[in-house]
Amino acid sequence: MTAQLSPLAQRDISSVIHPYTNLKAHEEQGPLVIVRGKGIYVYDENGREYIEGMAGLWCTSLGFGEEELVEAAARQMRELPYYHSFNHKSAAPTIELADKLKRMAPVPSAKVFFANSGSEANDSLVKMVWYYNNARGKPKKKKIISRLRGYHGVTLVSASLTGLPNNHRSFDLPLGPILHADCPHFYRGGHQGETEDEFVDRLIKNLESLIANEGAETIAAFIAEPVMGAGGVIVPPNGYFSRVQEVLARHDILFLDDEVICGFGRTGNMFGAETFGLKPDTMTVAKALSSAYLPISAVLISGAIVRIIAEESAKIGVFAHGFTYSGHPVPAAVALKTLEIYERRDILGHVRRVAPLFQKRLRALEDHPLVGEARGIGLIGAVELVADKKTKRPFFPAGKVGSYAAKQSEANGLIARGLVDSVALCPPLIITDAEIDTMFDRLTRAFDMTEAWVAREKLRDTA
């Protein structure tokens, strides 16, 4: 145990298992202990300030210390601190939130099922899709097509959908009938001399081949994030999603829209579906639904699917799925207040006003000697660090340079996220122009420090 760690950090090492952490390294390194937040800033136990450039985990959309959300939770806790949704029971905030979501989301005649996280929502959705196909007499139609580098959660089925190797290694995953199609990242996936349109043609041809080889009668659905988040902030090429949807429609394959990161303004529209012209059969939301102040997620299912599920539940006698906290009234009340704030303060209009500066500063980083590609949309983006800009040659071992750059960002008062050798930003939606400039100034300093380290350690020679 490192001697300079605070007593609180030492207790953390002794007691807490950390997600997405090298657990052995954590015993020496310990945690950065955050004790308070205000606006886009958080503060550690020593009083040091950081710009929270990831909005926590892509989620704290209204920033920290939003008193209206605190009061909404307190009011609901005084009135009805808990109730459930089992066996014909409900609570007023749960009903109001479901009604609000079905009016907002581009899912036709939707009904809403509540869970506690994006992982639970996507897990629940797959169960519902299987239930639906059993109900309509297609018991073989169960396979789900996800995508390499897609991220859909960490519960057993959602982690199987996730197309990242570390989510499968030593967990005996993926489980069940899960398929993975190509990642639509032109910078990394495009062939030499291939245009972006030709790249999309090839991906669509590969999708058609996958469906033909597996048999369309065995494939239930295709799931996708409008913009891939944890896979590296991958923005799809022009025309990609319209072509995918044409294929799915021909083969009676549902389109499942995972809006856990993109939903509620992140891409410049209320949902990523609107940004990319998606017409989904279902949608999952979480994170910014409550600005992450309390855990809540939702699955929106089109009315046509719900009717068939309802008939099957009548046949069986029950729809036997749900959680103790499904539709918990306190997170539901906070989510309602969050959605009200989005509208009342015109958060969407604010995102559209500041996003051009965010994207300009992001794209300017392509001039940095470390950066091969800068990519993003709205208020989400990432830069990919490479050993050779001309050939796109990555550093070796993968993740070493990206992790160092993220640590240097932290040293400069910015919390960013290293995703292998990409560094991602996804700040609170309330960020101002001045704060965007400060954020990118700090990131640039971190990259300058990383470049000096790369040169000193001769890492390009071993890449």
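Calculation rules
- Residues numbered from 1 in each chain as written.
- Predicted model: local features only at pLDDT ≥ 70, side-chain atom pairs only at ≥ 80, totals over all residues.
- Heavy atoms only, no water.
- Helix = DSSP H or I, 4+ residues; strand = E, 2+ residues; numbered from the N terminus.
- Rg over C-alpha atoms; globule rule 2.2 N^0.38 Å.
- Buried < 20%, exposed > 50% of the residue type's maximum accessible area, 1.4 Å probe, protein only.
- Salt bridge = Lys/Arg side-chain N within 4 Å of Asp/Glu carboxyl O.
- Expected span 1.5 Å × (residues − 1).
- Pairing = 2+ DSSP bridges.
- Core = buried A, V, L, I, M, F, W, Y, C linked by side-chain atoms within 4.5 Å.
- Contact = heavy atoms within 4.5 Å.
- Axes fitted to C-alpha atoms, helices over the stretch in contact; angles between N-to-C directions.
- Parallel < 35°, antiparallel > 145°, perpendicular 65-115°, else oblique.
- Left-handed = near helix turned anticlockwise from the far one by under 90°.
- Nonpolar A, V, L, I, M, F, W, Y, C, P; charged D, E, K, R; others polar.
- Phe/Tyr/Trp six-rings, centres within 6.5 Å; stacked < 30°, edge-to-face > 60°.
- Lys NZ or Arg CZ within 6 Å of the ring centre and 35° of its normal.

## Considering the overall build of the protein chain
Here comes step 1: What the protein chain contains, in helices and strands, is 17 helices and 15 strands.
Here comes step 2: Taking 463 residues into account, the globule formula puts the C-alpha radius of gyration at 23 Å, and the protein chain, at 22 Å, falls close to it.
Here comes step 3: Along the first, second and third principal axes, the C-alpha set of the protein chain runs to 70 × 60 × 45 Å.
Here comes step 4: Across the 463 residues that make up the protein chain, the buried fraction comes to 55%.

## Here we look at the pattern of salt bridges
Here comes step 1: Taken as a whole, this structure holds 23 salt bridges when the rule is applied.
Here comes step 2: Measuring nitrogen to oxygen at the nearest pair gives 2.9 Å for the salt bridge that ties Arg345 to Glu68. Taken together, the residues span a long stretch of sequence, with Arg345 in the loop between helix 13 (329–344) and helix 14 (347–364) and Glu68 in helix 4 (residues 67–79) at a distance of 277 residues.
Here comes step 3: Looking at Arg345, the relative accessible area reads 35%, which means it is partly exposed.
Here comes step 4: The exposure class of Glu68 is partly exposed, given its relative accessible area of 24%.

## Quick notes on the environment of Met77
Here comes step 1: In this structure, Met77 sits in helix 4.
Here comes step 2: Classification of Met77 as partly exposed rests on a relative accessible area of 48%.
Here comes step 3: Linking Met77 and Pro329, residues 252 residues apart in sequence, is a C-alpha distance of 8.4 Å.

## Brief notes about helix 16 (residues 433–456)
Here comes step 1: The end-to-end C-alpha distance of helix 16, which contains 24 residues, comes to 35 Å, matching closely the 34 Å that a straight helix rising 1.5 Å per residue would cover.
Here comes step 2: Of the residues trailing helix 16, Lys458 is marked for its positive phi of about 55 degrees.

## Considerations on the sheet that holds strand 3 (residues 49–52)
As a general point, the strands of a sheet are linked pairwise by backbone hydrogen bonds and lie either parallel or antiparallel.
Here comes step 1: A sheet is described by the order of its strands in space; here four strands give the open sequence 1-2-3-13, paired in mixed fashion. Looking at the sheet topology across the chains shown, the edges are occupied by strand 1 (34–38) and strand 13 (414–415).
Here comes step 2: Note: strand 3 against strand 13, two bridges, orientation parallel. Bridge pairing in strand 13 links Ile51 to Leu414.

## Side note on the nonpolar core
Here comes step 1: Counting residues in hydrophobic clusters, the biggest one holds 99 residues, and the most contacted among them are Leu97, Phe222, Phe264, Leu289 and Phe447.
Here comes step 2: Examining the composition of this core, we find that eight residues originate from one element, helix 13, more than from any other.
Here comes step 3: Here Phe222 is in contact with Ile145, Arg147, Leu207, Tyr240, Val244, Leu248, Ile253, Leu254, Phe255 and Leu256, once residues within four sequence places are set aside.
Here comes step 4: By size, the runner-up hydrophobic cluster in this structure holds 23 residues, among which are Val126, Met128, Tyr131 and Ile223.

## What to know about the packing of helix 15 (residues 400–411) against helix 16
Here comes step 1: In the contact formed by helix 15 and helix 16, the axes pass within 8 Å of each other and the chain directions differ by 135 degrees. Classified by the angle their axes make, helix 15 and helix 16 are oblique. In this structure, the crossing between helix 15 and helix 16 has a hand that is right-handed. Note on element contacts: helix 16 touches helix 15 through Leu443, Ala446, Phe447, Met449, Thr450, Trp453, Val454 and Arg456, opposite Lys400, Val401, Tyr404, Ala405, Gln408 and Ser409.

## As for the packing of helix 14 against helix 16
Here comes step 1: Look at helix 14 against helix 16: their axes get within 10 Å of each other, and the N-to-C directions meet at 15 degrees. Comparing their axes, helix 16 and helix 14 come out roughly parallel. The way helix 14 lies across helix 16 gives a crossing that is right-handed. Residues Val354, Leu357, Phe358, Arg361 and Leu362 of helix 14 form the contact with helix 16, whose own contacting residues are Asp433, Ile436, Asp437, Met439, Phe440, Asp441 and Thr444.
Here comes step 2: The residue makeup of the contact of helix 14 with helix 16, split by class, is seven nonpolar, one polar and four charged.

## Structural notes on the packing of aromatic side chains
Here comes step 1: If you walk through the whole model with that rule in mind, you get twelve aromatic pairs.
Here comes step 2: Ring geometry for Phe358 versus Phe440: centroids 5.3 Å apart, planes at 70 degrees, classification edge-to-face. Separated by 82 residues along the polypeptide, Phe358 in helix 14 and Phe440 in helix 16 bring together distant segments of the chain. Here Phe358 and Phe440 have matching classes, each one buried.
Here comes step 3: Counting every residue linked through ring pairs, the aromatic cluster contains Phe222, Tyr240, Phe241, Phe255 and Phe276.
Here comes step 4: For the cation-ring pair, Lys392 lies above Tyr187, with the distance from its terminal atom to the ring centre recorded as 4.6 Å.
Here comes step 5: Above the face of the Tyr20 ring, Arg417 is positioned so that its terminal group lies 6.0 Å from the ring centre.

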